[in-house]
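# Architecture and fold: a report
Residue-level listing of the chains:
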Amino acid sequence: MAEDRADGQGASGTEGGAGAGGRRGARNSAGDGGRRGARPLSRRRLGGGILALGGALAVAPIPFADGAARAAAAGPRGGSGGRARTTLRHGSAERAGLLPGQLDRLVDEATAFLGPSPAHPWYAGAVLLAGRGGTVALHRPLGAAVRYAAYDEKTDTGVELPPERRIAMAEDTVFDLASLSKLFTSILAVQQIERGALELTARVTTYLPEFGRAGKQDVTVRQLLTHTSGFRAWVPLYTAPTYEGKLQLLWDEAPVSPPGTAYLYSDLNLISLQLILERITGHTLDTLLRDEITAPLSMHRTRYNPPASWRPKIAATEDARRPWSGLDRGLVWGEVHDENAYSLGGVAGHAGVFSPAWDLAILARTLLNGGAYGRARILRPESVELMFTDFNSGFPGDAHGLGFELYQHWYMGAMATPGTAGHTGFTGTSLVLDPTTDSFLIVLGNSVHPVRSWRSGSAPRVATADRMARAVAVRPAHGRTAWFSGMAGATTATLTLPPVTARAGVLRCSLWWDTEPDADGLFLEASADAGTSWRPVPFTTVRAGQEPLAHPAGTATGWSGRVWHRLTADLADWRDTAVRLRWRYTTDRLYVGRGAYVDGLRIDDGGSPVFDEARRKDAARIEAAGWVVSED
């Protein structure tokens, strides 16, 4: 089901993108998140044959797309790709290079959403899985896989099963992944690009001539994968009684915007891609999934249309009845929840895949490995790079690779970086991959059980992703500790130095920052009147091996590579004046980044220190409000 990112009300919602524009809506009283603003974002360094030309993307000849012969040499399961084929095992947080206390808090925060969030539970239960490298450090079930028999719309309550008939969530519980299914379809498409059977820039009509009706003749494969085709979010294909009738609705569907001119997340893109794949391969999508992904990777519990014998191990979804559902089906349990996927026999490009958390962790590890896992290879490293490359630079705020969303704080939380990739699903699922820290987070919840209207926003996804990001330590640049701004939302934290007087003053320190771009920021300010008023202090930062970067407004925001930078700030404007300097870190009420760290604060006057936090008496005079001393 295509989940509407505001709430997904109605017969079908959209999850995975609701189109450009507007910051994802304000949190409710339980901390639910909305959409982040369409503002300029840092861009992932483009590679894998992609060239950025004046803000528009042009696709250069893809190294592996010059024919099936070259692709066959390495094949989807052959070739080394030059990367270690890390495999997974359970292990401690320490072994994963993660902070155990933060993982404990991740579980606590996720557990809180089993209660009112704000009026009803966000999910009946969930399975959390988090890891780094080859170590799964957290694999925890919460709540119930099956709790309700039905939904009572008159009282807005769930009809609970008696305790002996409820089924607790387990590590191996299988979930209806909803729109996470789109990632599998996208991988299958990129495999065909590798083999030369599919071209990224080709028109869809090259493979499906009948697709070109109603103004869709110029839609390309790339536009399907990046949700820039112009399709609206969804259409009720399930209203057509025959398969041919459903296709007719698709062929006759006209774009709501000219192809390539806007971002609008749509299930129809991946349904169209499914039809292409089935046409060019001669195989159904479920067969392709098994043969090309799940069998090579030994993802034995991932498939379309799970057999009836699996039902006791599957998380139930919704009491599907009109008017909130498009179809009257009663409690959906063991069958796909999405109405269109259901009407297509359970096999669809946009929804229908069922999987447990461990299988998804294998997929995550495969992608972070560059397309290989153990002895199997399903993609070349260049292909993975292509999938994680932003093709939507012309649509700020809607960064998107091939099938994968990029840099989306609204569910990736503080794990979001220009290279972070992921997706969500309407049933309450999400997958986040952060190549910068080699970490991954999977949250599988049955949040439409017993009804979709109980859940809003993505608060559990954000809370767990924030905590996962915090679990990756930032080590001080000097010594054992550094000043840390924290990661609280709707906060102003200040770190104020004592007054100093200098003729040729220069502030020096090490700086590390990662904030939600533009919405949150770090400011260097000075006051010559004992803190009554403050003005910006321009500064310069330099990262090892790179050119200096000027910050003329005295501000740092967004992505900085999650590495330490050396900072200098000329204090000539305050020559021979008693001046106080402070760092001010501000966040809004929606999302945060990993925060900011300051270390090695020192003010020199002609080469001699007039303040040095390495001196105990100077350090004791620093005033911290909201900032804390941190080892990690």
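That block above? That's the structure.
Read on for a plain summary of the structure.

Conventions used here
- Residues numbered from 1 in each chain as written.
- Predicted model: local features only at pLDDT ≥ 70, side-chain atom pairs only at ≥ 80, totals over all residues.
- Heavy atoms only, no water.
- 1 Å grid on protein atoms, 1.4 Å probe; cavity = no way out; pocket = protein on both sides within 12 Å on 5 of 7 lines; lining within 4 Å.
- Points joined across faces, edges and corners; volume = space filled by probe spheres on them.
- Helix = DSSP H or I, 4+ residues; strand = E, 2+ residues; numbered from the N terminus.
- Phe/Tyr/Trp six-rings, centres within 6.5 Å; stacked < 30°, edge-to-face > 60°.
- Buried < 20%, exposed > 50% of the residue type's maximum accessible area, 1.4 Å probe, protein only.
- Lys NZ or Arg CZ within 6 Å of the ring centre and 35° of its normal.
- Core = buried A, V, L, I, M, F, W, Y, C linked by side-chain atoms within 4.5 Å.
- Pairing = 2+ DSSP bridges.
- Contact = heavy atoms within 4.5 Å.

### A short note on empty space enclosed by the protein
Following the criterion strictly, the structure yields five cavities of 30 Å³ or more and no others. Volume-wise, the largest cavity comes out at about 50 Å³. In terms of lining, the largest cavity is formed by Leu-237, Tyr-243, Lys-246, Leu-247, Leu-250, Ile-271, Gln-274, Leu-275 and Leu-344. Those elements giving two or more residues to the lining of the largest cavity turn out to be α6 (243-252) and α7 (267-281). Of all the elements, α6 adds the most residues to the lining of the largest cavity, at four residues.

### Considering the packing of aromatic side chains
In this structure the tally under the stated criterion is twelve aromatic pairs. Judged by centre distance (5.3 Å) and plane angle (90°), the rings of Tyr-151 and Trp-324 are edge-to-face. On the criterion of sequence distance, the pair formed by Tyr-151 in strand β6 (residues 148-152) and Trp-324 in the loop between β11 (319-320) and β12 (330-331) is long-range, its members being 173 residues apart. Of the residues examined, Tyr-151 reaches a relative accessible area of 8% and is grouped as buried. With 6.4 Å between their ring centres and 15° between their planes, Trp-234 and Tyr-238 make a pair best called stacked. In this structure Tyr-238 comes out as buried when scored by relative accessible area, which is 13%. Taken together, Tyr-148, Tyr-151, Trp-324 and Trp-454 form an aromatic cluster joined through their ring pairs. The aromatic ring of Phe-211 is capped on one face by Lys-216, whose charged end is 5.2 Å from the ring centroid. The ring centre of Tyr-342 lies 3.6 Å from the NZ or CZ of Arg-329, which sits over that ring.

### Let's talk about the nonpolar core
Core analysis: the largest hydrophobic core is formed by 132 residues, its most contacted members being Phe-184, Ile-276, Ile-293, Leu-297, Leu-367, Leu-433 and Phe-440. With eight residues, the single largest contributor to this core is helix α10 (residues 357-368). Of all hydrophobic cores here, the second largest spans 30 residues; its members include Phe-539, Ala-556, Leu-567 and Val-598.

### Points about the sheet that holds strand β10 (residues 303-304)
Read from one edge to the other, the open sheet built from three strands follows the order β9-β13-β10, with strand pairing classed as antiparallel. Of all strands in the sheet, those bounded by a partner on one side alone are β9 (175-176) and β10. Sheet topology note: the β10/strand β13 (residues 353-355) ladder contains two bridges and is antiparallel. The partner of Arg-303 across the bridge, within β13, is Phe-354.

### Some remarks on the environment of Ala-578
Relative to the elements of secondary structure, Ala-578 occurs in the loop between β28 (565-570) and β29 (580-586). Along the sequence, Ala-578 and Pro-499 sit 79 residues apart, while their C-alpha atoms lie 5.6 Å from each other. The contact partners of Ala-578, leaving out residues within four places of it in the chain, are Val-500, Thr-501, Ser-527 and Ala-528.

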